[in-house]
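# Observations on the model geometry
Take a look at the letters that make up each chain.
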Amino acid sequence: MNEPLQTAAALIRAGELVAFPTETVYGLGADAFNDSAIQKIYEAKGRPSSNPLIVHIAEVADLSLLTDEVGEQEQKLIAAFWPGPLTLVFQKKDTVSSLVTGGMNTVAVRMPAHSLALKLIKASGTPIAAPSANLSGKPSATHHAHVQGYFGDSILCLEGGATEHGLESTVLQIKNGVPHVYRLGSITPEDIERVLGIKPVFETKSEHSPGTHFKHYAPETQLEILEPEELIKKATVGGRKIGILASVEVLAQLPNELPHFDLGSQSDLLTIGSHVYSGLITLDALRLNKILVQSFPEQGLGLAIMDRLRRAAGEL
Ligand code: AMP
Ligand code: MG
């Protein structure tokens, strides 16, 4: 086993925090069964303690440490999507601290599809509770350089470069046989329906959607989301200190000297999604007056991308 991984696992066992890459975004992890370690997560992020954490496991068998109630539908979803960007919400065992669950009697669990994350969990010998490795209310970190930017050298970060998806996991709970989506992500509502044969209900904006009612993903700079044609018109009118967050196709129609971030080709939403937070962080650092953001069709992965952009723009 390589040295940073061993050091990281020792830190987790000692009740300290470690940041690590997953296929979604970087996580800020602590031993899920050590309350004082969990407390450090909330302190480091400045996160309200009522905003619950996701517990990360490396093997399906470890679910039994967290819940006694894994139904048939959850099993189907696990078989289809784990390891991967799907978080499932279960009734928690008494032994799971309410500090992890934001005071609720349910616990959110996922198995990340990233070899470093899986190795860290196994080497630590305990499930790792981890929210995204950003300061509360800031865009999630999708590169170890972002984690460094948020926490400096105070927290060890396992370096994995850019994350694959760049959007947080889909969060879902089965209630009375019906899938309820609390947070949109790369596992789309269509993916869920394909496996369960039931259309998911959206609870992404309700009071009952734990976590999503907290202000999220907000850069300092004002954002305006526009259809491509509108964006091109507005950008070329020549505002002062306007930046553009858009696909390569839209950028090709704009003067190159405008501050911009290329999200990738609009025909490849996986790439667009993976660049959203880098784009927000990069353009935000330029201290512009405004960032014009291209909107994308709200289907499939486009749903999660637009959800994050709207939250960043303060629309949700
Ligand atoms: P983060 O790790 O910051 O991306 O956020 C974790 C998110 O997972 C929370 O903000 C909620 O949206 C969701 N979550 C965690 N635990 C639960 C739970 N018990 N029930 C519903 N959603 C949860
Ligand atoms: Mg987060």
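In short, a report on the structure.

Calculation rules
Residues numbered from 1 in each chain as written. Chains lettered and ligands numbered in written order. Predicted model: local features only at pLDDT ≥ 70, side-chain atom pairs only at ≥ 80, totals over all residues. Heavy atoms only, no water. Salt bridge = Lys/Arg side-chain N within 4 Å of Asp/Glu carboxyl O. Helix = DSSP H or I, 4+ residues; strand = E, 2+ residues; numbered from the N terminus. Buried < 20%, exposed > 50% of the residue type's maximum accessible area, 1.4 Å probe, protein only. Pairing = 2+ DSSP bridges. Axes fitted to C-alpha atoms, helices over the stretch in contact; angles between N-to-C directions. Contact = heavy atoms within 4.5 Å.

## Some remarks on the pattern of salt bridges
This structure, assessed with the given rule, holds 14 salt bridges. Among the ionic pairs, Arg 110 bridges to Glu 23, the shortest N-O distance being 2.8 Å. On the criterion of sequence distance, the pair formed by Arg 110 in strand β5 (residues 106–110) and Glu 23 in the loop between β1 (18–20) and β2 (27–31) is long-range, its members being 87 residues apart. Looking at Arg 110, the relative accessible area reads 2%, which means it is buried. Residue Glu 23 is classed as buried on the basis of its relative accessible area, which comes to 1%. For Lys 290, the salt bridge is made with Glu 224, and the minimal N-O distance between the two is 2.6 Å. One end of the pair, Lys 290, is in strand β14 (residues 290–294); the other, Glu 224, is in strand β11 (residues 222–226), with 66 residues separating them in the sequence. Each of Glu 168, Asp 307, Arg 308 and Arg 311 takes part in salt bridges that share partners, so that together they form one network.

## Some points on the sheet that holds β11
What the four strands build is an open sheet, ordered β11-β14-β12-β13; its pairing is parallel. Every other strand in the sheet has two partners, leaving β11 and β13 (260–262) as the edge strands with one partner each. The sheet shows a mean angle of 20 degrees between the axes of neighbouring strands, direction not considered. Of the strand pairs in this sheet, β11 and β14 are connected by five bridges, and their pairing is parallel. Bridged to Leu 223 within β14 is Ile 291. This element, helix α7 (residues 228–236), spans β11, β12 (242–246) and β14 of the sheet and lies at about 150 degrees to β14. Sitting on the sheet, helix α9 (residues 269–284) touches β11, β12, β13 and β14, and the angle it makes with β13 is about 165 degrees.

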